[in-house]
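# Architecture and fold: a report
Next come the chains, spelled out residue by residue.
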Amino acid sequence: MMALPVSGGGDGGGGTIADAVSGLVVLYCAIRLVRDRRRPLSRTAAVVFALPVVGIAVAAAGAASPGAGITGLVRYLQIFVLVPAAVMLLIRDRRDARLVVWSLIGLALWQGAIGVHQYVTGTGASYMGEEIRAVGTFGAADVMGMATVVSFGVVSALGLALGAGPGRQRTVAALCSLALLLPLALSFSRGAWIATAVTCGAQLALAGMRRAVKVFAVVAAASVILVGGLGVGTAMLQERISSITQVADAPDQSVTDRYTMWAAAVDMWRDQPLTGVGLKGFPDHRDGNASLALSSGSDTEGAGAAFKRQPLLSPHNMYLLILSEQGLLGLLALAGSWLALLVCGLRGLFRARRPVRGRLSPRGLDCALVACGLLTWQLVDFAYADIGGPSTALTAVLFGLGAWWALASEEAGDR
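This is a predicted model, so every value here is computed, not measured.

What counts, and where the lines are drawn
Residues numbered from 1 in each chain as written. Predicted model: local features only at pLDDT ≥ 70, side-chain atom pairs only at ≥ 80, totals over all residues. Heavy atoms only, no water. Core = buried A, V, L, I, M, F, W, Y, C linked by side-chain atoms within 4.5 Å. Buried < 20%, exposed > 50% of the residue type's maximum accessible area, 1.4 Å probe, protein only. Helix = DSSP H or I, 4+ residues; strand = E, 2+ residues; numbered from the N terminus. Contact = heavy atoms within 4.5 Å. Phe/Tyr/Trp six-rings, centres within 6.5 Å; stacked < 30°, edge-to-face > 60°. Pairing = 2+ DSSP bridges. Expected span 1.5 Å × (residues − 1). Arc of directions from axis to C-beta. Salt bridge = Lys/Arg side-chain N within 4 Å of Asp/Glu carboxyl O. Axes fitted to C-alpha atoms, helices over the stretch in contact; angles between N-to-C directions. Parallel < 35°, antiparallel > 145°, perpendicular 65-115°, else oblique. Left-handed = near helix turned anticlockwise from the far one by under 90°. Nonpolar A, V, L, I, M, F, W, Y, C, P; charged D, E, K, R; others polar. Patch = residues over 30% accessible without salt bridge, like charges linked within 9 Å, V, L, I, M, F, W, Y side chains within 5 Å. Areas by Shrake-Rupley, 256 points an atom, 1.4 Å probe, with all protein chains shown as cover. Polar contact = N/O pair within 3.5 Å; in protein donor to acceptor, adjacent residues only side chain to side chain.

Core analysis: the largest hydrophobic core is formed by 104 residues, its most contacted members being Tyr76, Phe80, Met88, Met318, Trp338 and Leu407. Element by element, the count of residues in this core is highest for helix α13 (residues 318-352), at 13 residues. Other than its neighbours up to four places away in sequence, phenylalanine 80 contacts Phe49, Met318, Leu334, Trp338, Phe382, Ile387 and Phe399.

Let us now look at the packing of aromatic side chains. By the definition in use, this model includes 11 aromatic pairs. Each ring, one from tryptophan 338 and one from phenylalanine 399, has its centre 5.9 Å from the other, and the planes form 25°; the classification is stacked. With tryptophan 338 in helix α13 and phenylalanine 399 in helix α15 (residues 392-408), the pair connects residues that are 61 residues apart, well separated along the chain. A relative accessible area of 3% means that tryptophan 338 is categorised as buried.

So, on to the pairing of strand β2 (residues 130-133). Regular strands have side chains that alternate between both faces of the sheet. Across 3 bridges, the pairing between strand β1 (residues 125-127) and β2 is antiparallel. Residue serine 126 lies in a different strand from β2, and its bridge partner there is glutamate 131. The turn linking β1 back onto β2 is made up of 2 residues, and methionine 128 within it adopts a positive phi angle of 55°.

Turning to helix α1 (residues 17-36), a few remarks are in order. The terminal C-alpha atoms of α1, which comprises 20 residues, lie 29 Å apart, in line with the 28 Å expected from a rise of 1.5 Å per residue. For α1, the complete set of buried residues consists of Ala18, Asp19, Ser22, Cys29 and Leu33. Projection of α1 onto a plane perpendicular to its axis shows the buried side chains occupying an angular sector of 105°, all on one side. Along α1, the residues that are exposed and aim more than 90 degrees away from the buried face are Ile17, Leu24, Ile31, Val34 and Arg35. Buried positions along α1 lie against α3 (66-90) and α15. Among the residues trailing α1, arginine 37 stands out with phi positive, at a value near 55°.

Two side chains with opposite charge may pair up if their charged atoms get near one another. The final tally for this structure, using the stated rule, is 6 salt bridges. One salt bridge connects arginine 75 with aspartate 19, and the closest N-O pair in it is separated by 3.1 Å. With arginine 75 in helix α3 and aspartate 19 in helix α1, this pair connects stretches of sequence that are 56 residues apart. Put simply, arginine 286 and aspartate 287 hold a salt bridge, and the shortest N to O gap is 2.9 Å.

Quick look at the environment of methionine 144 now. Take methionine 144: it is sitting in helix α5 (residues 143-162). Separated by 241 residues in sequence, methionine 144 and alanine 385 place their C-alpha atoms 8.7 Å apart.

For the rest of this paragraph, the subject is unusual backbone geometry. The residue lysine 280 is not glycine, and still its phi comes out positive at about 65°. The class of lysine 280 is partly exposed, set by a relative accessible area of 41%. Even without glycine at this site, histidine 316 takes up a positive phi of about 55°. Mapping histidine 316 onto the fold places it in the loop between β4 (305-310) and α13. With a relative accessible area of 27%, histidine 316 lands in the partly exposed category.

Before going further, it helps to spend a moment on the packing of helix α14 (residues 365-381) against α15. Helix-helix packing is characterised by the crossing angle of the two axes and by the distance between the axes. The N-to-C vectors of α14 and α15 enclose an angle of 135°; their axes lie 9 Å apart at closest approach. Comparing their axes, α15 and α14 come out oblique. Read as a crossing pair, α14 and α15 show a hand that is left-handed. Seen from α14, the contacting residues are Cys367, Ala368, Val370, Ala371, Cys372, Leu374, Leu375 and Gln378; seen from α15, they are Thr395, Leu398, Phe399, Leu401, Gly402, Trp404 and Trp405. Residues of the contact of α14 with α15, tallied by class, amount to 12 nonpolar, 3 polar and no charged.

In this section: a nonpolar patch on the surface. Together, Val54, Val58, Leu274, Leu328, Leu329 and Leu332 line one region of the surface with nonpolar side chains, adding up to about 510 Å² of accessible area. Those elements that provide at least two residues to the nonpolar patch are α2 (43-61) and α13. Residue contributions to the nonpolar patch peak at 3 residues, all from α13. With respect to the helices and strands, the residue leucine 328 is situated in helix α13.

Under the 1.5 Å per step criterion, the end-to-end length of helix α4 (residues 94-121) is 40 Å for 28 residues, consistent within 8% with the ideal 40 Å. Of the residues that open α4, the one with a side-chain oxygen 3.1 Å from the backbone nitrogen of arginine 95 is aspartate 93. Count one or two residues on from α4 and you reach glycine 122, which has phi positive near 70°.

Here glutamine 118 lies in helix α4. Leave out the neighbours within four places in its chain, and glutamine 118 touches Thr123, Gly124, Glu131, Ile132, Arg133, Ala134, Val135 and Gly136.

Taken N-terminus to C-terminus, the directions of α5 and helix α8 (residues 190-207) make an angle of 10°; their axes are 10 Å apart at the nearest point. Taken together, the axes of α5 and α8 lie roughly parallel to each other. In this structure, α5 uses Ala147, Ser151, Val154, Val155, Leu158, Gly159 and Leu162 to contact α8, whose residues at the interface are Ala192, Thr196, Thr199, Cys200, Gln203, Leu204 and Ala207. Within the contact of α5 with α8, the residues separate by chemical class into 9 nonpolar, 5 polar and no charged.

In structure tokens, the structure reads:
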């Protein structure tokens, strides 16, 4: 469903087909649990998934209106509790996990191909006066959608390539990872670039430094060919990359808006440090806490959509969004559950790397690298983005895959 064009221009208002399907997945999982009459979660998994519920419920009770509280409660439970738990329980073994991973890669290749076509034909979202920004099927209102999906594909493919699976699978995965670097670059998404670079570096280090050096050499050569030899978006890409280091000296308006909203979120938290201002409360309290440096919104245009002024309704930082709306209680609960998943996943990864009879264990190293890599990417990206938009449902699948490796992979087979 994530491969289909987003209806309504991708403005993020209301649910999507993918959200509806994720609800059916949860319902199907519940029916299976009742039919099989088995305990669904281990004690550790129950604690990890119960932690976010506490902060979310308290923040929902403190929302400005019952409607906002219920809407926010359902959304947070969908993304961080219900769908991840369902995905974790429905993945039976490593073969199922690899099927999910290859599906992510296939979706990324599809969206990336559309994005490259948008750049070449000038039919993408508007960027610096030209309709060249690659956004896939997500539209100009969700410019992070394709970048997120493609980043998931890069991380997933690199994890499979670095694993101990069949040589053909590793070769195909490596080629997919390299191919996805082009649409990722053409997304002009600085946050996705940073998160992908950090995650891929971590994956390479965890897989072994000798292999890391080889992969770095291949990526460097490919970058030279694409940018230096073929001149793929040289001027604009260089300007976009250089803007990452200019966030303090000469920030553009988007960076200024982000810093202003971050400061506003911190001020909201100071007013209500324990429980925050309530779910969906950031837009209502934004103007009372933001400085005059904040613009009225961001301009969106292109990719089949007319010009539109998008209001800035979130701080574009998941940690600060939780802190402002749910307070310390919500941040510790949600971030604590994410950190627990990552720590448990890394423990499983180190177990998978233990030598067996002098050789690297083939048992799930590729799944470990993918699961830990996706979790790392999301936690890094949350420093520059938050939930919202049609691509959010995929975040729930990511957490479910990470939860399966971290909490349930020991019970799965070695296939």
